[in-house]
Amino acid sequence: MQTTDISCKNFAEMRSRLGECRERIYRAWLRFGPCTTKELSQLTAESLLTLRSRTTELLQVGALELVGTDQDGRQGIYTARLHEDWERFFNEQKQTSKTQLNLNL
């Protein structure tokens, strides 16, 4: 098994752990983004509280990215990363973590 195979396997395992609700929210971001969580809530009829929690989780795993703020600067504007971009981001973050770990040792 090559390094790229292991990396793809790790990414696939992480993505499979997202769960049904997160997957539904991720697909909503793919379909309607970029927008704010409030706008997405209105477009999808998802609870704003649920949407914001899942958005935070998706942002933490790299599935979403913050691309700006609304005119008031009070709400973030998010967009979903396409699968290829998400995988690239995931692998870059993993590599950065390894580099930082080596520097700390």
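Cut-offs and rules
All residue numbers refer to position in the chain's written sequence, counted from 1. Per-residue local features of the predicted model are confined to residues with pLDDT of at least 70, and side-chain atom pairs are confined, for both listing and counting, to 80 or more; whole-chain, interface and lining totals are unaffected and use all residues. Values shown for side chains rest on all heavy atoms present in the structure; no hydrogens or waters enter the calculation. A run of H or I in DSSP counts as a helix once it spans at least four residues, and a run of E counts as a strand once it spans at least two, with each numbered from the N terminus. The buried label applies to any residue whose accessible area, calculated with a 1.4 Å probe on protein chains only, is under 20% of its type's maximum; exposed applies above 50%, and partly exposed to all values in between. Two residues qualify as a contact provided that any one of their heavy atoms is within 4.5 Å of a heavy atom in the partner residue. The aromatic pairing rule takes the rings of Phe, Tyr and Trp, using the six-membered ring of Trp, and pairs them if the centres are within 6.5 Å, calling planes under 30 degrees apart stacked, those over 60 edge-to-face and the rest tilted. Counting as a charge over the ring demands two things of the Lys NZ or Arg CZ atom: a distance within 6 Å of the ring centre and an angle within 35 degrees of the ring normal.

A. A look at the overall build of the protein chain. If you tally the helices and strands in the protein chain, you get 5 helices and 2 strands. Starting at the N terminus and ending at the C terminus, the protein chain contains elements arranged as α-α-α-α-β-β-α. The proportion of buried residues among the 105 residues of the protein chain is 30%. Contacts in the protein chain between residues far apart in sequence, at least 24 positions, make up 52% of those at least 6 positions apart.

B. Representation of the packing of aromatic side chains in the model. Within this structure, the stated rule accounts for 1 aromatic pair. Between Trp 29 and Tyr 78, the aromatic rings sit 5.8 Å apart at their centres with planes inclined by 70°, giving edge-to-face as the arrangement. Of this pair, Trp 29 sits in helix 2 (residues 19–32) while Tyr 78 is found in strand 2 (residues 76–80), placing the two residues 49 residues apart along the sequence. Of the two residues examined, Trp 29 and Tyr 78, each falls in the buried class. Stacked on the ring of Phe 89, the Lys or Arg Arg 81 has its end atom at 3.8 Å from the ring centre.

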